[in-house]
Amino acid sequence: MSDKSLVCRECGVEFLFTEGEQDFYQKRGLLNEPSRCPECRAARRRSRSSEDGAPRVMHAIVCASCGRDAEVPFQPRLGRPVYCSDCFTAERAVR
């Protein structure tokens, strides 16, 4: 295998479908090459992540464990600890 040059169907920009990406597709049984460049694929994923296509609303918090400022994709409730992503991952590993 070698790198392939493809054209994005969204924006028309030429992008590389690398050997590593081709191997990834093959190992997962994906038959079709990507038709969108990485930027357009990411934009499409973001737009599909909410039902109405609006960007996700983030809420500012102070982590209950480390005290850092962070954002979470839900409205925190009073009386419940809210963690930054690092502390949340560590807290989950303990349980």
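A brief report on the enclosed structure follows. (Residues numbered from 1 in each chain as written. Predicted model: local features only at pLDDT ≥ 70, side-chain atom pairs only at ≥ 80, totals over all residues. Heavy atoms only, no water.)

1. Quick look at the overall build of the chain
Phase 1: From N to C terminus, the chain includes three helices and four strands.
Phase 2: Along its sequence from the N terminus, the chain presents helices and strands in the succession β-β-α-α-β-β-α.
Phase 3: In terms of C-alpha radius of gyration, the chain reaches 20 Å, well past the compact-globule figure of 12 Å for 95 residues.
Phase 4: Dimensions of the chain, computed from C-alpha atoms along their principal axes, come out at roughly 55 × 30 × 20 Å. (Helix = DSSP H or I, 4+ residues; strand = E, 2+ residues; numbered from the N terminus. Rg over C-alpha atoms; globule rule 2.2 N^0.38 Å.)

2. Quick word on the environment of S2
Phase 1: In this structure, S2 sits in the segment before β1 (4-7).
Phase 2: In this structure S2 touches E19 and Q22, once residues within four positions along its chain are discounted. (Contact = heavy atoms within 4.5 Å.)

3. Here we look at the environment of L31
Phase 1: Within the secondary structure, L31 sits in the loop between α1 (19-27) and α2 (38-48).
Phase 2: When the C-alpha positions of L31 and P73 are compared, they lie 34 Å apart, and in sequence the two are 42 residues distant.

4. So, the pairing of β1
Phase 1: Bridge count for β1 against strand β2 (residues 14-17) is four bridges, and the pairing is antiparallel. Counterpart to V7 in the pairing with β2 is E14.
Phase 2: Taking the residues between adjacent antiparallel strands as the criterion, β1 and β2 are bridged by six residues, where G12 takes a positive phi near 80°. (Pairing = 2+ DSSP bridges.)

5. What about the layout of surface pockets?
Phase 1: Its volume calculated, the largest pocket comes out at about 370 Å³.
Phase 2: For the largest pocket, the lining is made up of 15 residues, of which F74, R80, P81, V82 and F88 are closest to its centre.
Phase 3: Those elements giving two or more residues to the lining of the largest pocket turn out to be β4 (69-72) and α3 (85-94).
Phase 4: For the lining of the largest pocket, the leading source of residues is α3, giving three residues.
Phase 5: Per-class residue counts for the lining of the largest pocket are eight nonpolar, one polar and six charged. (1 Å grid on protein atoms, 1.4 Å probe; cavity = no way out; pocket = protein on both sides within 12 Å on 5 of 7 lines; lining within 4 Å. Points joined across faces, edges and corners; volume = space filled by probe spheres on them. Nonpolar A, V, L, I, M, F, W, Y, C, P; charged D, E, K, R; others polar.)

In short, shape yes, function no, at least from these values alone.
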